[in-house]
Each structure stands twice: as structure tokens, then as C-alpha cells.
Amino acid sequence: MDKSSTLLVHYDKGTPAVANEIKEALEGNDVEAKIDAMKKAVMLLLNGETIPQLFITIIRYVLPSEDHTIQKLLLLYLELIEKTDSKGKVLPEMILICQNLRNNLQHSNEYIRGVTLRFLCRLKETEIVEPLTPSVLQNLEHRHPFVRRNAILAIMSIYKLPQGDQLFVDAPEMIEKVLSTEQDPSAKRNAFLMLFTCAEERAVNYLLSNVDKVSDWNESLQMVVLELIRSVCKTKPTEKGKYIKIIISLLSATSSAVIYECAGTLVSLSSAPTAIRAAANTYCQLLLSQSDNNVKLILLDRLYELKTLHRDIMVELIIDVLRALSSPNLDIRRKTLDIALDLITHHNINEVVQMLKKEVVKTQSGELEKNGEYRQMLIQAIHACAVKFPEVASTVVHLLMDFLGDSNVASALDVVVFVREIIETNPKLRVSIITRLLDTFYQIRAGKVCPCALWIIGEYCLSLSEVESGISTIKQCLGDLPFYSVSEESEPTETSKKIQPTSSAMVSSRKPVILADGTYATQSAASETTFSSPTVVQGSLTSGNLRALLLTGDFFLGAVVACTLTKLVLRLEEVQSSKTEVNKTVTQALLIMVSMLQLGQSPVSPHPIDNDSYERIVLCIKLLCHRNDEMKKIWLEYCRQSFVKMISEKQLREMEELKAKTQTTHAQPDDLIDFFHLKSRKGMSQLELEDQVQDDLKRATGEFTKDENDANKLNRILQLTGFSDPVYAEAYVTVHHYDIALEVTVINRTKETLQNLCLELATMGDLKLVERPQNYSLAPERSMQIKANIKVSSTETGVIFGNIVYETSNVMERNVVVLNDIHIDIMDYISPAVCSEVAFRTMWAEFEWENKVAVNTTIQNEREFLDHIIKSTNMKCLTAPSAIEGECGFLAANLYAKSVFGEDALVNVSIEKQTDGALSGYIRIRSKTQGIALSLGDKITLKQKGSS
């Protein structure tokens, strides 16, 4: 078996040392050679070699050495060698080292004394330690603190041995005297630790008698004090009142580590508002004072936990939490905003929004590389604030609209989605938002942002002036028509040369051409005809974003432009009394739509117009040519009603998610009820009174009760061997986030003792065994439990396999029982999560790993199949329920989940009902890593057949 060492020594395994070579080096006089030889000997021991032949050589030639390095390596060697025989008795040759250890404990050099005392801390054999106890006690009064602090640790270790209290009968009393006179901080800390470990009552008495001095003690001693308080309060919860005063006094300590531990101890011991407020304030102060990003993230995790349990108190500190936004790290900023958004109330919303607005303005400086991503986070946070508290929308919407033309497309898209929602939920802001949007529309350069902005213009331009401004803005951004023209070439092309007539006579001809304004003209030309090629008309300098995007082939945007113009024209007909003006506008809109169709079918376009966009534009043309009241109602009323329904469903879904997060606990009917007001309050501080109230409230609401689901426990028991095997084994699998704990119950079903029984396990996938197997002896018809821990490094389906090996007294050969495989389910590592539609689409475009699974199921109902997939994969359906209602023969939905390692799992379900009633289609899985995509695909393939 491998052994552990308290020192890491580098050793090249490629050149194994031979015992004879080490022996020769140790017998020589070269100090460096001896050091090298001792390192090799230590490495051999660490790798399982015993090398007993070196012991006498080391005693003769290494023991007398005065070199400090050699003495240190000698102690490591003595720590690793076997000191007892097979019966547990100390080997007789160990007597040889006792005299050397005694000499070292009386050595004139304090380093030799100190390292020898530290070595005694690791000795477990009472027979070796017993003759050394007088020398150890003498070192308690040594002049050097290094010796004294190690002497205290040695006494503590010896006292904790099975018969150690007989070797040092009055050790706690001696250490208590040392503690009262000791001046060295480390020695004092070790003395208090010894009392805490071996005589807790003495440590408590010393602490309570020096309460006023605790704040002046050394940092290391204060940390042990906090550990003692946690231990005492765990065993005697009724006495925690007097210790909480000590903790609060330590909150003013100079050490950041002590302050952090104080806050954590305070939260674990008390739920009184005063205590929680003090702990939260401490975390906020550390958040601002610490420069390490990892420390900041840990502190934010603590604040998040406090927010979950004590939201009312954390609401008061929201501005202090938001000060962490000064950090340039995006992870810290994201976590800070997540905490703050859950703490917003009517009382602090104005302060929070004002602070977020200042941060948005700061991002315009462009000093940092990731300002765009930070701005996007801030915009999303402001959006969430405005949705919860519509009254603040007016203070932020105009500021955010300045970022509609942001170079960061995601940020601009968040702004336009925010504006779309605010203009519906805040009717008073409609006029100002529309006016501002029309003024800034030309700044929008992103093809994903323009359609949403155009939809807002088409839906919310209601008055005559707004409609006319909307049409004018769109015409200006489209520029002059047509989008391309036919121009003459100066020289004939190769093709034109081939088709020229053989006659050299010049024949005059006339042909029509299209001018820049869209009118026709006639032009004379010679028979030496040069063929014309279409070229793009760039338009004037004022022509803007829509023209540039259309010329790149974005015909979806062209369809949106056509729909917006159609809505504006239909609304103009309602608000404009002059039919002439309406007809003129209709003509201009039709000309724009026809020009877009011509552009899409011309060779100038990078690619031809798609069928969907073509049909949409043609529909708009037909509608404008044949207008009727029914179509007006559909375009001008039903579209808005659908949007209102979508917003209300989104708000309802958010409320349901919020309710799901809140934990509901219930008390048992026979629980003890303490009537706080009938208790004696004599001698209780305000903090203790508050703490008692909080405890009573928790007990009344059942927060202290924890229900264990026994059925789930039984489901996790896996049979590893058969009932007829001589050794029966079953495992209880507990999956924690980053490791798997196996509790294997092994039963000897034979009449013989099983010797050297060993559970050998191996893994496949991203799983790793933490411990090496050990040998056991199992009596006849007896059982035992063997525990094994397995480290998990990624979300991937893994397999644990192995066997049980044992020997019997009759047959010396080893017997092997092969175990059933244990499959680790990916479902243990992923949980349903929520993300925005924009974030889902962004991740879908970025993730490179995709697994496409064909639908193959006996289920014939689309919604039933979707519910089955959601249940089987433990994912969250992001598609709104209204979008998948009804019976149309088609269904498409997006699912999302997040793993414990922070990995995202995206799933798109697209299914169609065939004429025979069967379902067909595909389930596409995308993730950043290959493992989760493959594992999730295998799970879906296995489970999609049916509900079994």
C-alpha cells in the first residue's frame, strides 16, 4: 500500500535506486551524496518498498550527522518505516532511535529540537513516546518560541493517544498555566488549541475570563476562538447568547480572515435581525476592501445565501452590494446584478435605477474592452426594473434609446425589446417614445434590430403627424428609387462581339431605358450595340441604414418594411380626410415594394429573394390594392392583441417561477409550541431576545423539519451481484455535485472467513477514483460496508465497473466475483433553468457540438410527446404555452437546462404528425462540450419510445 508523507520530495521514477547504491552513499562522508541517498530512500518507502536492510546503516551513519537537512530527511524516514510487527507490537530495533530522539530533544540547536518535537506529533506508538515525555515537558520552558510552540503540539498529540492521558495526567492544567504566561502568539494559539481539543471546559473558562481581551489577541488565536464557539454552540445551543457578544466584538478586528469567519459564524448561530445585519454589513465591507476577484466571488456567494434566507434585511443593503459594480470583472458584475435585482422594492427602486444609469453612461467611455457586454447586462437589469416597477420607465427609456445604434448588436437588441415592452405597458410614454424612435431610427445599423423598431413604428404611430413622420422616415432610410439601374458599357464585351452583325454598315436603333427617378426614356444607339449590365444605385449621402441592409440581401427586413408601410397606410386612411393624399401615399408604398421585389430578382442582389419574403411583400401589395374593413381589423387590431397576450403570459410565467422559488414549510401538528411572551427575559440581551423570536417563528412554520423521501433512497440501491454468489453486494449511490459516494454493503454467504477481501473498481468516462482499495477480512455470514468516493469532472454519462476479490483458508487461489456495471445518469447533473429567447438564440449560434436525434416513438399526440421529453430530460420548456396550444399537426419548442458545472444544454424539438397518425421529426441538441450533447442524445433515444 502507498503511504503518505508530510513533505513532497522530487524523485525521477525513470531511474529506480538500488538499495546497495543508497547504502554506499550513506556510508560515505559526502554530505550532498547522503542527502541524495536519503531522498531516494524516502521515495522508495513512499512507493511501497520496505528496504529493511538500510535501517542499521542509517542508524550508524546518518543518525550522528549534524546537518539539518539530513536530520529532517531522517525524521521523514523514521515516520515512514514500519514500527510494529504483524501483531501490533513495537519492533525491538525501535529502541535504537529512542536515545537519538531524546538527544535531539535536549540538543543545543533550537531547530533540531523543534523538528523533533514536530516528528513526535506523528508518532502513534505509545511505547516509543513514553520514555521521551520528561524531555518533551522540559521544552515547554525553552527560551525560543519555535521550540515551545512545537512542544505544546507534541503534548497535545501524545495526550490524544489511546493511553496518552496516563503519560500526561496533568497536561491540560500545565498547558493552561503556559497559556496564561506565554507571550509568543503562535505558542499561545497552540496552547489554546490543545485546551480546545483535549479539555474544552478549560478553554471555555479561559475564554470567558478574558472576554475583554479577545479583540486584542493574535489573528491565529482569534480563529481558534471562533472554532471553539462553533463547537460549543453546536453541543449547547442554549448558551450561544454569551458567545455571540464575543463574535460581534471580533467583527471590528483588523484581520480580514477573522472578520469573514466572524460573519459566517454569526449567520450559522443566530437568525436574529441584528446578527444578520451585522454579518451582511461585514460581507459588504470586505467586498469593497478586497482586491482578489476570487475572494469577491466567494463574498457574493455568501450574500446570495443571505438574500435567499433573509431578504428583508438584505433589502436595506442593496446600494452597498451595488458598489461591487466598480470591479472590472464581468463575473463579479453579473453576480452583483443578480443579487440586487431580487432586492428591489418600491422604496429603493429610484436609487437603484439612478445608479444603473450612471453605470450605463460610464460604459460610453470605451476604456475597457468588455464595455459592450457590461452595457448589455445593465440594460437587461434596467429592463427588469422597469417591468417590475413601470413608474421608473420614464426615467430610463430615453437614455437607453441612445444605444439603439450600439455597435454591440446584442445590447442594441435588448434596448429595442425593452422599448417595445415599455411602450405597451406605459401608454403615457407612447408619444415621447415614438418621437424619439423616429429621430434616432437612422442610427440603427443592425439587421436584427431594425425589424423590431419598424414593428414599433407600424403599431404605435397613431396620430396623423406620427403616421406621416413614420412613412417619411422609412422613405428617407430607403433612399432614392430604384435600388439598381442599367448603365451602358464603354466597350463591347466578348459576348457582344460574337453576336455582332457581319455587315459593317451602321444601323441606327432606338431602345427604352430606366432613368434614376423610375421614369422611362428613349435612347438612340448605333448597330455596334454594347450590352448593358445592371449596377447598384448608391443613393444620396442622406440615404441610410435600410438601403444598405437591403443591398446586402436582407429580404426578411424588406418584408418587414412592406408590412410596416402597409400598417401605416391603413392607419393613414383612418386619420387622413384627404383621399388624394392617401392615394399618393399608397402609390409611393407600392413603388417601394415593387422595387424591393425587382432588387430581389436582379443579378445585383448577393442572393435571390426567399419565397417567404416574396410572398409577404406580394400580400402587402394585394392588400393595398384591395383594401377592406376586415383586413384593416386584422392588421391594425389583432396584431396588437397578440402582443398584449404575449406580454401578459410572460409576466404570469415570471410570477409562477417566483412562486416556485419560495420554499413552503409546514409544522407538524404535535410539535412543541414555546410561548415566547410567557418566558422569563431576565438577563437576556436584545440580540438573544430577537434570536429567540426567530427560532420560535422557524419552529412554528416547520423550517426545522426535514422530510426524507425513503422511496427515493430505495431507488438508488443497485444490486451488484447475484443471490447465488458466495458474496452478495449492493450499492447505495449518492450523487453530490462534484463527486459520487458509493456505500457498498458486502455479505459473506459462506461458512468460511473471507481473507484479503478487496473491492476493486474502475471507471469509464470523466470519472476518477479518489481512494485506493483496501483489504478486509469478513467473518462467516457477516456483512460490512465499504465506502468509495469518485470524482466527477464533467457532465457526461459514466460507467463504474469492477469486481470483488477474496481468499479463503482452504483454497489459496484468489476468487473473483464480477459486479454489475453502475451507470451514472446525466440527469443527476443537469437541472431545469431559464434564459431569455435572445440568449438562447445566441448560444444556439455559438455552440459547435450538435447531436441530431430522429423522432421514433409510439406516442401519437404532439403535446404528450413534448411533455414526455421534458420529463425524461429534466429540462425547462422556454416556449410559451400559448405558442404550442391547439391541434395543427406541427409543434416546435425550445428546452433549456444547466449543469452543475455551468454547462448549457439546448434542445429544439420539431415534430410533425403524419397522415397515419405517427409522429416524425428531429430533436436537436447543442452544447459547448461534446459530452453533454452525446449523453443527452443517448438519454432521449432511450426514453423517447414511450412513458415506460
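Residues numbered from 1 in each chain as written. Predicted model: local features only at pLDDT ≥ 70, side-chain atom pairs only at ≥ 80, totals over all residues. Heavy atoms only, no water.

The next thing to look at is the overall build of the protein. When helices and strands are counted, the protein shows 39 helices and 20 strands. Looking at the protein as a whole, 45% of its 948 residues qualify as buried. Long-range pairs, those at least 24 residues apart, make up 67% of the contacts in the protein between residues at least 6 apart in sequence. Of the roughly 49,700 Å² of accessible surface on the protein, 51% is carried by carbon and sulfur atoms. (Helix = DSSP H or I, 4+ residues; strand = E, 2+ residues; numbered from the N terminus. Buried < 20%, exposed > 50% of the residue type's maximum accessible area, 1.4 Å probe, protein only. Contact = heavy atoms within 4.5 Å. Areas by Shrake-Rupley, 256 points an atom, 1.4 Å probe, with all protein chains shown as cover.)

A few words now on the nonpolar core. Of all hydrophobic cores here, the largest spans 215 residues; its most connected members are Leu120, Phe192, Leu207, Leu546 and Met593. Sort the elements by how many residues they give to this core and helix H31 (residues 555–575) lands first, with twelve residues. In this view, Leu546 contacts Phe441, Cys450, Leu454, Ile474, Cys477, Leu478, Leu557 and Val561; residues no more than four positions away in its chain are not counted. Core analysis: the second largest hydrophobic core is formed by 27 residues, Ala729, Val746, Leu757 and Tyr829 among them. (Core = buried A, V, L, I, M, F, W, Y, C linked by side-chain atoms within 4.5 Å.)

Attention now moves to helix H38 (residues 862–873). One turn of the α-helix equals 3.6 residues, which is why residues spaced by three or four share an orientation. In a regular helix each residue adds 1.5 Å, so twelve residues correspond to 16 Å; H38 covers 17 Å between its end C-alpha atoms and thus fits that length. Among the residues of H38, those classed as buried are Glu862, Phe865, Leu866, His868, Ile869, Ile870, Ser872 and Thr873. Among the structural elements, strand S15 (830–832), strand S17 (876–877), strand S18 (890–899), strand S19 (904–913), strand S20 (919–927) and helix H39 (930–943) are those in contact with the buried residues of H38. Two or three places before Arg863, at the opening of H38, Asn861 has a side-chain oxygen 3.0 Å from that residue's backbone nitrogen. Looking one or two places after H38, you find Asn874, whose phi comes out positive at around 55 degrees. (Expected span 1.5 Å × (residues − 1). Polar contact = N/O pair within 3.5 Å; in protein donor to acceptor, adjacent residues only side chain to side chain.)

Attention now goes to the pairing of strand S12 (residues 798–807). In terms of burial, S12 is a largely internal element, eight of the ten residues being buried. Sheet topology note: the strand S8 (residues 754–764)/S12 ladder contains eight bridges and is antiparallel. If you follow Gln755 over to S12, its bridge partner there is Glu807. When S12 meets strand S14 (residues 822–824), the two strands line up antiparallel, connected through three bridges. (Pairing = 2+ DSSP bridges.)

The side chains of a regular strand alternate between both faces of the sheet. Where S8 lies against strand S10 (residues 775–778), three bridges are found, and the strand directions are antiparallel. Bridging from a neighbouring strand, Cys758 pairs with Asn775 of S10.

For the protein, the average pLDDT comes to 80, and 83% of its residues sit at 70 or higher. Considering only residues more than four positions removed or in separate chains, one finds that residues 701–709, a stretch of pLDDT under 50, has 14 contacts. (pLDDT = per-residue confidence, 0-100.)

Further remarks concern a negative patch on the surface. Taken together, Glu574, Asp629, Glu630 and Glu637 make up a surface patch of like negative charges. Looking at the negative patch element by element, the count peaks at three residues for helix H34 (residues 629–661). (Patch = residues over 30% accessible without salt bridge, like charges linked within 9 Å, V, L, I, M, F, W, Y side chains within 5 Å. Salt bridge = Lys/Arg side-chain N within 4 Å of Asp/Glu carboxyl O. Lys, Arg positive; Asp, Glu negative; His and termini not counted. Charge placed at Lys NZ, Arg CZ, Asp CG, Glu CD.)

Helix H11 (residues 171–181) packs onto helix H9 (residues 145–159) with a crossing angle of 160 degrees between their chain directions and a minimal axis gap of 11 Å. Between H9 and H11, the crossing angle belongs to the class labelled roughly antiparallel. As H9 runs across H11, the sense of the crossing is left-handed. On H11, the residues that touch Ile152, Ile155 and Tyr159 of H9 are Ala171, Pro172, Ile175 and Val178. (Axes fitted to C-alpha atoms, helices over the stretch in contact; angles between N-to-C directions. Parallel < 35°, antiparallel > 145°, perpendicular 65-115°, else oblique. Left-handed = near helix turned anticlockwise from the far one by under 90°.)

Its place among the elements puts Arg863 in helix H38. When its relative accessible area of 33% is taken as the criterion, Arg863 is described as partly exposed. Considered as a pair, Arg863 and Leu891 are 28 residues apart in the sequence and their alpha carbons are 7.8 Å apart. Filtering out sequence-adjacent residues up to four positions away, Arg863 remains in contact with Ile884 and Leu891.

As for its position among the elements, Thr57 is in helix H3 (residues 54–62). Relative accessible area serves as the criterion here: at 6%, Thr57 is assigned to the buried category. Once residues lying within four places of it in the same chain are set aside, the contact partners of Thr57 are Lys23, Leu26, Glu27 and Val62.

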